[in-house]
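Here is how the chains run, residue by residue.
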Amino acid sequence: MCALPFYLDAFWLRIGLFSMAAAIGAVGLGLLSGTAGQLSLGHAFFLAVGAYGYVWLAGEPGPGLPTAVAAVLAVLLAGAAGGLFSPVAGRVRGIYLGVATLALVFLGHHVLLTADSVTGGFNGRSVPPLELGGFSFSADSELTVLGVPFGAEERLWYLGIALFALTWFTARGLLRGRAGRALAALRDSETAAAVMGVDVSRHRSAAFVVSSMYAGLAGVLLALSFRRVVPDYFGLVLSVDYLAMIVIGGLGSVAGATAGAVFVTALPLLMTRYAAELPLVAAPGTTDGTVGPTEAARYLYGAAIVLILLFAPDGLHGLARRLRARLGTRRAAPPPMKAGPASPSPASTARAKEPTP
């Protein structure tokens, strides 16, 4: 992955950046819905908190903080927003929690449109480039590495790898640790978990806060990749996309959430680029009544969700695990024995018993 910026153009690097940002948010939602068993439809709200929090904290109007400090505070701000909602998450579950989190999306979208001094209103705001130790993740200054010019996409690529690696290892450690086992016990049976000493309300709230912080980090990386944030992007459709990511990839799996994020994020971008070469797909901007690339992509991963639920309920990660196990079984199978002379049976070699006088 570190070598790809030397060979790929900006379009493919941009797809990779969007996919890494989506994977960070999908891992957080996977911890909440796949591991803790809490349905959330408000993930887009916490992505918006992270993205707009960074823009306001680092930009003008705003405090104008150093961008690195603003990025960290934006993640903490998303966690604080999740903490404010955690009492609801600690007491409500199932479809009721999903409806409650759905209200966050509509409330957040309304605030983004009306709070012009902070969010810029309908037109949004431009994103200040991140700077670390005097190094800017933008194309303002010229940088050439091994004869390859490094623009904003090439620089942000390595930032995305670092943030995704941090997300991967922290989430894997959480799942394999005591907290992950407690959340899995909550998902399977709250009564059994409470009997074993798990504080149900506290662990539910903690899962919501951690998931919100992952979403805030994904929002910061998305803002840096887009270079401009607008309210319409952080709507209900984005929350549904994240649910599709974890269902397609596999609930409760870090690798599965990553695979689902790459699939859902890259598919519409690829179909938009190659729309002229695909059958039954119209090029962007045409009005001839055919299906556009974005709608076609949604049809495809909607069909993928149906197929996954029917034939692979544990997602792409479970499917890959079964294939690896099957291939490993075939490799470990002993070779067939060659046919040889039949060995005498124990009955024929045993000495005949003499009759008792």
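Conventions and cut-offs
Residues numbered from 1 in each chain as written. Predicted model: local features only at pLDDT ≥ 70, side-chain atom pairs only at ≥ 80, totals over all residues. Heavy atoms only, no water. Axes fitted to C-alpha atoms, helices over the stretch in contact; angles between N-to-C directions. Helix = DSSP H or I, 4+ residues; strand = E, 2+ residues; numbered from the N terminus. Parallel < 35°, antiparallel > 145°, perpendicular 65-115°, else oblique. Left-handed = near helix turned anticlockwise from the far one by under 90°. Nonpolar A, V, L, I, M, F, W, Y, C, P; charged D, E, K, R; others polar. Phe/Tyr/Trp six-rings, centres within 6.5 Å; stacked < 30°, edge-to-face > 60°. Buried < 20%, exposed > 50% of the residue type's maximum accessible area, 1.4 Å probe, protein only. Lys NZ or Arg CZ within 6 Å of the ring centre and 35° of its normal. Patch = residues over 30% accessible without salt bridge, like charges linked within 9 Å, V, L, I, M, F, W, Y side chains within 5 Å. Areas by Shrake-Rupley, 256 points an atom, 1.4 Å probe, with all protein chains shown as cover. Salt bridge = Lys/Arg side-chain N within 4 Å of Asp/Glu carboxyl O. 1 Å grid on protein atoms, 1.4 Å probe; cavity = no way out; pocket = protein on both sides within 12 Å on 5 of 7 lines; lining within 4 Å. Points joined across faces, edges and corners; volume = space filled by probe spheres on them.

## What to know about the packing of helix α3 (residues 67–91) against helix α9 (residues 200–226)
Part 1 of the reasoning: Interaxial distance between α3 and α9 falls to 7 Å at its minimum, and their mutual angle equals 150°. Considering the angle they form, α3 stands roughly antiparallel to α9. The crossing of α3 and α9 is right-handed.
Part 2 of the reasoning: When the residues that make up the contact of α3 with α9 are grouped by side-chain class, the tally is 12 nonpolar, 9 polar and 2 charged.

## Some points on the packing of aromatic side chains
Part 1 of the reasoning: A full pass over the atoms with the stated rule returns 12 aromatic pairs.
Part 2 of the reasoning: With a centroid separation of 5.9 Å and 65° between ring planes, the pair formed by phenylalanine 164 and tryptophan 168 is classed as edge-to-face. Here the residue phenylalanine 164 and the residue tryptophan 168 both occupy positions in helix α6 (residues 152–176), the gap between them amounting to 4 residues, near one helical turn.
Part 3 of the reasoning: Overall, phenylalanine 164 belongs to the buried group, its relative accessible area being 14%.
Part 4 of the reasoning: Aromatic rings pair up to connect Phe18, Tyr52, Phe226, Tyr233 and Phe234 into one cluster.
Part 5 of the reasoning: Directly above the ring of phenylalanine 11 sits arginine 273, whose terminal nitrogen or CZ lies 4.2 Å from the centroid.

## Notes on a nonpolar patch on the surface
Part 1 of the reasoning: Together, Met1, Leu4, Tyr7, Leu8 and Trp12 give the surface a local cluster of nonpolar side chains, amounting to about 530 Å² of exposed area.
Part 2 of the reasoning: Within the secondary structure layout, leucine 8 lies in the segment before α1 (10–35).

## Quick notes on the pattern of salt bridges
Part 1 of the reasoning: In total, this model carries 8 salt bridges according to the counting rule given.
Part 2 of the reasoning: When the shortest N-O distance is used, the salt bridge between arginine 202 and aspartate 199 registers 3.8 Å.
Part 3 of the reasoning: Owing to a relative accessible area of 37%, aspartate 199 belongs among the partly exposed residues under this scheme.
Part 4 of the reasoning: Each of the salt bridges in this network shares a partner with another, and the network as a whole consists of Arg14, Glu153 and Arg227.

## Notes on empty space enclosed by the protein
Part 1 of the reasoning: This model, assessed by the stated rule, comprises 1 cavity of 30 Å³ or more.
Part 2 of the reasoning: Taken together, Val27, Gly30, Leu31, Thr35, Leu175, Gly252, Ser253, Val254 and Ala257 make up the full set of residues lining the largest cavity.
Part 3 of the reasoning: Considering every element that reaches the lining of the largest cavity, the biggest residue donor is α1, with 4 residues.

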